[in-house]
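Spelled out from the first residue to the last, the chains are:
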Amino acid sequence: MVGILLSCAATIGARLASRGPRGSPIDAPSSENNQLSSSADAAAAARTGVLYALAAYGLWGIFPVYFKWVSHIRADEILAHRIVWSVGFCALLLTWTGRWPNVAAIVRSKRAWAALSVSAVLVAINWLCFIYAVVTDRILEASLGFFINPLVSIVLGMVFLGERLRPMQWLAVAFAAGGVVYLTTQEGLPWIAITVAVTFGLYGLVRKQAKPGPLAGLFFETLLLAPIAAVYMLW
């Protein structure tokens, strides 16, 4: 249950961090016609996004400790339990927050069905790679994946969402990319890190297009995966 709580909180926090008006987290050039109130709202959304991101990545930093406690269990079995129990926990949160109408809206939308079917596969691959990295003592490689992930998200945002970086943001990206290249050349091709980064970057892009809401979206994704996970657990 501790693992499910951390998992749901971190995933929801990450989705909240990526929400908000276009231009956050990667700010687009401002127009002369933008109103002051819109700029203030965008700045507030950006600050809130940073807080959510810090909370999510902080929780992810705790994950390896938990997964190490259960490292005697196979990674695929841990994933199956994580999916099944996440459905129940998210259902409790939906009831507590009164957000079942968000789930109903997803059920009525063919676009949401399609997008969340794709994002469910992506998040399952991401979770499995991370768990596998922890139980096989490759935590540093998984951590590198989450270091690469913001760079992947930036590229996806620029290519698919038309977002642009300011000069100082380009400088920050250059430093981060340099660090990634250095670590990669030292350790060889980190397939776990690349898989973690790319799957979560694509996951964020798909979820941004669907806009199902963090909690309702996570519930629907795990609900789609739950039958397969349940059969695997029983088998």
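Going by the structure above, here's the rest.
Student: Teacher, can you tell me more about empty space enclosed by the protein here?
Tutor: Gaps left between atoms are located by rolling a probe of water-molecule size over the structure's atoms. Scanning all chains against the criterion turns up one cavity of 30 Å³ or more. By volume, the largest cavity amounts to about 40 Å³. Lining the largest cavity are Trp60, Phe63, Arg82, Asn126, Trp127, Phe130 and Phe146. Mapped onto the lining of the largest cavity, the elements with two or more residues apiece are helix H2 (36-69) and helix H5 (110-135). Among the elements that make up the lining of the largest cavity, the one with the highest residue count is H5 (three residues). A breakdown of the residues in the lining of the largest cavity according to their chemical character gives five nonpolar, one polar and one charged.

Student: Any chance you could explain the side chain of Asn126 here in plain terms?
Tutor: Within the fold, Asn126 resides in helix H5. The exposure class assigned to Asn126 is buried, which follows from its relative accessible area of 3%. In this structure the side chain of Asn126 is engaged in a polar contact, spanning 3.1 Å, whose partner is the side chain of Thr199. If we skip the residues at most four places from it in the chain, Asn126 touches Phe146, Val196, Thr199 and Phe200.

Student: For this particular structure, what's the right way to read the packing of aromatic side chains?
Tutor: Aromatic ring pairs are defined here through the distance separating the ring centres and the angle between the ring planes. Tallied over the entire structure, the rule returns 10 aromatic pairs. For the ring pair Trp100 and Phe219, a centre distance of 5.2 Å and an interplane angle of 85 degrees mean the geometry is edge-to-face. Of the two residues, Trp100 is situated in helix H4 (residues 100-108) and Phe219 in helix H9 (residues 214-234); the sequence distance between them amounts to 119 residues. Ring centres of Phe130 and Phe146 lie 5.5 Å apart, and the angle between their planes is 70 degrees; on these two criteria the pair is classed as edge-to-face. Highlighted residues: Phe130 in helix H5 and Phe146 in helix H6 (residues 139-160), separated in sequence by 16 residues. Owing to a relative accessible area of 11%, Phe146 belongs among the buried residues under this scheme. Here a set of aromatic residues connected by ring pairs shows up, and it is made of Tyr66, Phe67, Trp69, Phe130, Phe146, Phe200 and Tyr203. The ring of Trp127 is capped by Arg82, whose NZ or CZ atom sits 4.0 Å from the centre of that ring.

Student: Help me understand unusual backbone geometry, please; the structure alone is not making it clear to me.
Tutor: Generally, phi is negative for residues other than glycine and the peptide bonds are trans, each holding for most cases. Not every positive phi belongs to a glycine, and Asp137 is a case in point at roughly 60 degrees. Residue placement: Asp137 occurs in the loop between H5 and H6. When its relative accessible area of 59% is taken as the criterion, Asp137 is described as exposed.

Student: Help me out: how do you make sense of the environment of Ala230 in this one?
Tutor: Here Ala230 is to be found in helix H9. The partly exposed category is assigned to Ala230, whose relative accessible area is 30%.

Student: Just to check I follow, could you spell out the nonpolar core for this structure?
Tutor: Generally speaking, soluble globular proteins have nonpolar side chains that are buried together. Counting 45 residues, the largest nonpolar core has Phe67, Phe130 and Ile131 as the members making the most contacts within it. Listing elements by their share of this core, those giving two or more residues are H2, helix H3 (75-97), H4, H5, H6, helix H8 (191-210) and H9. Here this core gets 14 residues from one element, more than from any other, and that element is H5.

What counts and what doesn't
Residues numbered from 1 in each chain as written. Predicted model: local features only at pLDDT ≥ 70, side-chain atom pairs only at ≥ 80, totals over all residues. Heavy atoms only, no water. 1 Å grid on protein atoms, 1.4 Å probe; cavity = no way out; pocket = protein on both sides within 12 Å on 5 of 7 lines; lining within 4 Å. Points joined across faces, edges and corners; volume = space filled by probe spheres on them. Helix = DSSP H or I, 4+ residues; strand = E, 2+ residues; numbered from the N terminus. Nonpolar A, V, L, I, M, F, W, Y, C, P; charged D, E, K, R; others polar. Buried < 20%, exposed > 50% of the residue type's maximum accessible area, 1.4 Å probe, protein only. Polar contact = N/O pair within 3.5 Å; in protein donor to acceptor, adjacent residues only side chain to side chain. Contact = heavy atoms within 4.5 Å. Phe/Tyr/Trp six-rings, centres within 6.5 Å; stacked < 30°, edge-to-face > 60°. Lys NZ or Arg CZ within 6 Å of the ring centre and 35° of its normal. Core = buried A, V, L, I, M, F, W, Y, C linked by side-chain atoms within 4.5 Å.

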